[in-house]
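# Geometric and topological summary
For reference, the chains in residue letters:
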Amino acid sequence: MIIVAALAAATGYAYNWWRTSPAEHGQQGLAELTGARLPDLDGAVQSVSQWRGKVVVVNFWATWCAPCREEIPMLVRLQEKYAARGLQLVGIAIDQPDKVRPYAAEMRMNFPVLIGSADGIELTRQLGNKAGVLPYSVVLDRDGKIASREVGALKEPRIEALVSSLL
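Below or above, wherever it landed, is the structure these notes cover. Everything quoted here is computed from the prediction, not taken from an experiment.

Rules used throughout
Residues numbered from 1 in each chain as written. Predicted model: local features only at pLDDT ≥ 70, side-chain atom pairs only at ≥ 80, totals over all residues. Heavy atoms only, no water. Helix = DSSP H or I, 4+ residues; strand = E, 2+ residues; numbered from the N terminus. Buried < 20%, exposed > 50% of the residue type's maximum accessible area, 1.4 Å probe, protein only. Contact = heavy atoms within 4.5 Å. Areas by Shrake-Rupley, 256 points an atom, 1.4 Å probe, with all protein chains shown as cover. Core = buried A, V, L, I, M, F, W, Y, C linked by side-chain atoms within 4.5 Å. Pairing = 2+ DSSP bridges. Axes fitted to C-alpha atoms, helices over the stretch in contact; angles between N-to-C directions. Phe/Tyr/Trp six-rings, centres within 6.5 Å; stacked < 30°, edge-to-face > 60°. Parallel < 35°, antiparallel > 145°, perpendicular 65-115°, else oblique. Left-handed = near helix turned anticlockwise from the far one by under 90°. Nonpolar A, V, L, I, M, F, W, Y, C, P; charged D, E, K, R; others polar. Arc of directions from axis to C-beta.

### A look at the overall build of the protein chain
Across its full length, the protein chain holds 7 helices and 7 strands. Reading the secondary structure of the protein chain in the N-to-C direction produces α-α-α-β-β-β-α-β-α-β-α-β-β-α. Counting only residues that meet the buried cut, the protein chain has 48% of its 167 residues in that class. Restricting to contacts in the protein chain with at least 6 residues of sequence separation, those with at least 24 account for 66%. Split by element, the accessible area of the protein chain, about 8,200 Å² in all, is 56% carbon and sulfur.

### Things to note about the nonpolar core
Taken as a class, soluble globular proteins show a tendency for nonpolar side chains to be buried jointly. By size, the foremost hydrophobic cluster in this structure holds 49 residues, and its most contacted members are Leu-33, Phe-60 and Trp-61. Looking at this core, the element that brings in the most residues is helix 4 (residues 66-82), giving 7 residues. Contacts of Trp-61, omitting those with residues within four sequence positions, involve Cys-68, Ile-72, Gly-91, Ile-92, Ala-93, Ile-94, Val-100, Tyr-103, Met-109, Val-113 and Leu-134.

### Structural notes on the sheet that holds strand 3 (residues 55-61)
Taken in spatial order, the 5 strands make up an open sheet running 5-4-3-6-7, and their pairing is mixed. In this open sheet, the two strands that pair with only one neighbour each are strand 5 (113-115) and strand 7 (146-151). Averaged over all neighbouring strand pairs, the angle between strand axes comes to 20°, with direction disregarded. With 5 bridges connecting them, strand 3 and strand 6 (residues 136-140) associate as antiparallel partners.

### A word on the packing of aromatic side chains
In the structure shown here, the tally under the stated rule is 2 aromatic pairs. A centroid spacing of 6.4 Å and a plane angle of 40° characterise the contact between Phe-60 and Tyr-136, whose relative ring orientation is tilted. Here Phe-60, found in strand 3, pairs with Tyr-136, found in strand 6; they are 76 residues apart in sequence, far enough to count as distant.

### Let's talk about the packing of helix 4 against helix 7 (residues 156-166)
Geometrically, a packed helix pair is captured by the angle between its two axes and the distance between the axes. Orientation of helix 4 relative to helix 7, taken along the N-to-C sense of each, is 25°, at an axis distance of 11 Å. Between helix 4 and helix 7, the interaxial angle falls into the category roughly parallel. For the crossing formed where helix 4 meets helix 7, the hand is right-handed. Mapping the contact onto sequence places Met-74, Arg-77, Leu-78, Lys-81 and Tyr-82 in helix 4 and Glu-156, Ile-159, Glu-160, Val-163 and Ser-164 in helix 7. Grouping the amino acids of the contact of helix 4 with helix 7 by side-chain chemistry returns 5 nonpolar, 1 polar and 4 charged.

### Some details on helix 7
Looking at helix 7, one finds that the buried residues are Ile-159, Glu-160, Leu-162 and Val-163. Down the axis of helix 7, the sector holding all buried residues measures 165°, keeping them to one side. Of the exposed residues in helix 7, the ones pointing more than 90 degrees away from its buried face are Pro-157 and Ser-165. Packed against the buried residues of helix 7 are strand 3, helix 4, strand 4 (87-93), strand 6 and strand 7.

Laid out in structure tokens, this is it:
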């Protein structure tokens, strides 16, 4: 019973925090996100800061996360639809490279996939995801500022409206 109450409290806190505007919780975790150096699927070290000047959707996900797997096709469509207008999706997998590589190929992920491993969850917490929920997405505007934080699976109408307003 205590565990259920603790989970409910954590979920409520995360939901209320998520519903507040970025101005209310500032740019918490932005420096950690843009300064993070993570390997891509080929092992080359990448930084989110390299996409500054674009609208960037950073999506934290894992192969073992059912809601994450369900939203990947929508993210692929979003990248395809808005890439020419300046959108850059970036996936950060909280998983092992040997599991991520075949899954990314199978799903025809058309955006960079970085490997966050277990450290990626800590990065989401620094970005305000105190409960460590996956999927978790952060939307950066063209100036590299946090425009939105999204807890849970993205809903296509919501993320499309948000992205198109920033492009």
